[in-house]
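Here's the letter readout for the chains.
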Amino acid sequence: MAKRPLALVTGANGFVGRHLVDLLQRSGWRVRAALRAPYDGAWDESVVVGELCADTPWEAALDGADYVFHLAARVHVLHETDADPEAAFTRSNVDGTRALAIAAAASDVKRLVFVSTAKVCGETTPRGAPFDDACEPAPQGPYARSKWAAETAIAGSGVAYCILRPPLVYGPGVGANFAAMMRWVERGWWLPLGAICNERSLLYVGNLCDALLRAATHPDAQGEHFLVDDGTPLSTPELLRAVAAAARVKSRLIAVPQWMLAGALRLAGRGAEASRLTGSLAIDSSRIRKKLDWQPPFSRQDGLRATLAQNR
C-alpha cells in the first residue's frame, strides 16, 4: 500500500487553511499543522512553531514532510496599530518565509506551494486589460510589497516551489467587507451601487484549494507562478445581482453616478472603501488552466451559495 503523502500546512487554522486541510484529508493526504499557538483542529498532527519570523524553528515541523503549503502571513488590517507597518510585514512575510524556504530546501521536501497575491502586479487594472502572468511586478503598499519580496526569497532559497497569486478569496467563513456585502443583499437593503462600471476578479476558496493541490503535484508547476481566479471578472453591480440570485432575493440597486458615490465616500474618510467598490482589479488566469490542465471545480454560483449558507 502506497504511503500517504504528508503535507505541512502553515496557517492551517485560518480561513483558507481550514478548507485546504479538509480537501487534503479527503484526497488521502496526512496533514501536519504548523501553528503559532496550541489549537485544536481537524488535522492529523500539529507542531507549535510560534511567530512567523526569521528565527521560527521549522525543523520539527518539516521532519518527514513531503510538501509544504505556506498560507500563514501578516495580512491587511483595517486599523493598523504597529508603529512601523512596513517592518512588521517584512518580519513576518519576508523574513519568516525565507527561513521556511531555506529550511524546506534542506529537508528535501518535494515542493513548497506559496499563496501570494494578485496585488504583486499592482492595485488596479484598466477595463479590458487584466493582469496576466507576464505582468511586471508593481506592488503598492506594505502587504503587496512583502508578498513580492517573499516570492523573491523563495525563488532564491533552493527549494522546489510553485507560487499562486489569487485575487479576493471568498467562501464559507469569509469575513470583513465581503461578508457585510452579502448581509446587505440578503436583508434587501437598497444599495447606491448600480452605476459602478468596473471589473473585479474573485476566487472561491474551494477553487483555490483545488489549485493549490494541483500546484503541489503537477510536474509542470515546478518553479512557476500563476494568477488564479474563478473566471470572467464581474462589476460590483453584477456581483451584487449574483449574490441576490444565490440568496433567492431581489437585488435592490440605485444608480448613483460613480463619481458622486466615490466623492461622498472620500469626503466621509472612506477613500479605501471607495477604491474597492469602484476600482478594477481583473486577472487573466488562462495560463494555469492551460499549463496545469486546471479548471475551477466550482462555479461562481456554487461558491456564492455555499458562502451564504455557511455565513448565515
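The coordinates are above.
The shown structure was predicted, so the numbers you read here are calculated from the model rather than taken from an experiment.

**Student:** I'm lost on the overall build of the protein chain in this one. Help?
**Tutor:** Counting secondary structure elements, the protein chain contains 11 helices and nine strands. Its C-alpha atoms give the protein chain a radius of gyration of 20 Å, near enough to 20 Å, the size a compact globule of 312 residues would have. Within the protein chain, the fraction of its 312 residues that count as buried is 50%. When contacts within the protein chain are restricted to residue pairs at least 6 apart in sequence, those whose partners lie at least 24 apart make up 79%. As displayed, the protein chain offers around 14400 Å² of accessible surface, 52% of which is attributable to carbon and sulfur atoms.

**Student:** Mind showing me how you'd approach the state of the cysteines here?
**Tutor:** Simply put, disulfide is the name for a covalent bond between the sulfur atoms of two cysteines. Counted by the stated rule, this structure contains one disulfide. In this model C121 forms its disulfide with C135; the gap between the sulfur atoms is 2.3 Å. With the S-S dihedral at roughly -40°, the linkage between C121 and C135 falls on the left-handed side. A residue pair is termed long-range when its members are at least 10 positions apart, and C121 in the loop between β5 (111–115) and α4 (142–155) and C135 in the loop between β5 and α4 qualify at 14 residues.

**Student:** What should I look at first to understand the sheet that holds strand β9 (residues 224–227) in this one?
**Tutor:** Within a beta sheet, neighbouring strands are joined by backbone hydrogen bonds and run either parallel or antiparallel to one another. Judged by pairing direction, the sheet is parallel, and its seven strands sit side by side in the order β3-β2-β1-β4-β5-β6-β9 without closing on themselves. Unpaired on one side and paired on the other, β3 (45–48) and β9 mark the two borders of the sheet. If you compare each strand with its neighbour and ignore which way they point, the axes differ by 20° on average. Most of the contacts of helix α3 (residues 85–106) go to β5, to which it runs at about 165°, and overall it touches β1 (6–10), β4 (67–70) and β5. The strands touched by helix α6 (residues 205–217) are β4, β5 and β6 (161–165); relative to β5, the strand with the most contacts, the crossing angle is about 150°.

**Student:** Explanation requested: the pairing of strand β2 (residues 30–35) in the structure shown.
**Tutor:** Residues in a regular strand point their side chains to alternate faces of the sheet. Extensive coverage of β2 is indicated by the burial of five of its six residues. In this structure, β1 lies alongside β2, joined through five bridges in parallel fashion. Across the sheet, residue T10 finds its bridge partner in β2, namely A34. Relative to β3, β2 is paired through four bridges, and the arrangement is parallel. Bridge pairing links R32 to E45 in β3.

**Student:** Before we go on, may I ask you to explain the pattern of salt bridges in this structure?
**Tutor:** Opposite charge on two side chains makes pairing possible when the charged atoms of those side chains draw close. Overall, the coordinates contain 11 salt bridges when judged by the stated rule. A salt bridge links D22 to R26; the shortest N-O distance between them is 2.9 Å. Of this pair, D22 and R26 both sit in helix α1 (residues 15–26), four residues apart, which is roughly one turn of the helix. Judged by its relative accessible area of 38%, D22 falls in the partly exposed class. Through salt bridges with shared partners, a single network forms among D133, E224, R287 and K291.

Basis of the calculations
- Residue positions are counted from 1 within each chain, in the order its sequence is given.
- Local features are withheld for residues below a pLDDT of 70 in this predicted model, meaning they are given only at 70 or higher, and side-chain atom pairs are given and counted only at 80 or more; totals for whole chains, interfaces and linings count all residues.
- Working from all heavy atoms in the structure, the side-chain values ignore hydrogens and water.
- The numbering of helices and of strands both runs from the N terminus, where a helix is a DSSP run of H or I of at least 4 residues and a strand a run of E of at least 2.
- In this treatment the radius of gyration is a C-alpha quantity, and the globule benchmark scales as 2.2 Å times the residue count to the 0.38 power.
- Burial classification: accessible surface area is computed with a 1.4 Å probe over protein chains only, and a residue below 20% of its type maximum counts as buried, one above 50% as exposed, and the rest as partly exposed.
- Note on contacts: a residue pair is in contact if any heavy atoms of the two residues lie within 4.5 Å.
- Areas reported here follow the Shrake-Rupley algorithm with a probe of radius 1.4 Å; residue values treat only the protein chains shown as occluding.
- Our working definition of a disulfide is a cysteine sulfur pair at a distance within 2.5 Å.
- Strands are labelled as partners when DSSP assigns at least two bridges between them.
- Axes here refer to lines fitted to C-alpha atoms; in helices the fit is confined to the stretch in contact. Angles between the N-to-C directions go from 0 to 180 degrees.
- For this document, the term salt bridge refers to a Lys or Arg side-chain nitrogen within 4 Å of an Asp or Glu carboxyl oxygen.

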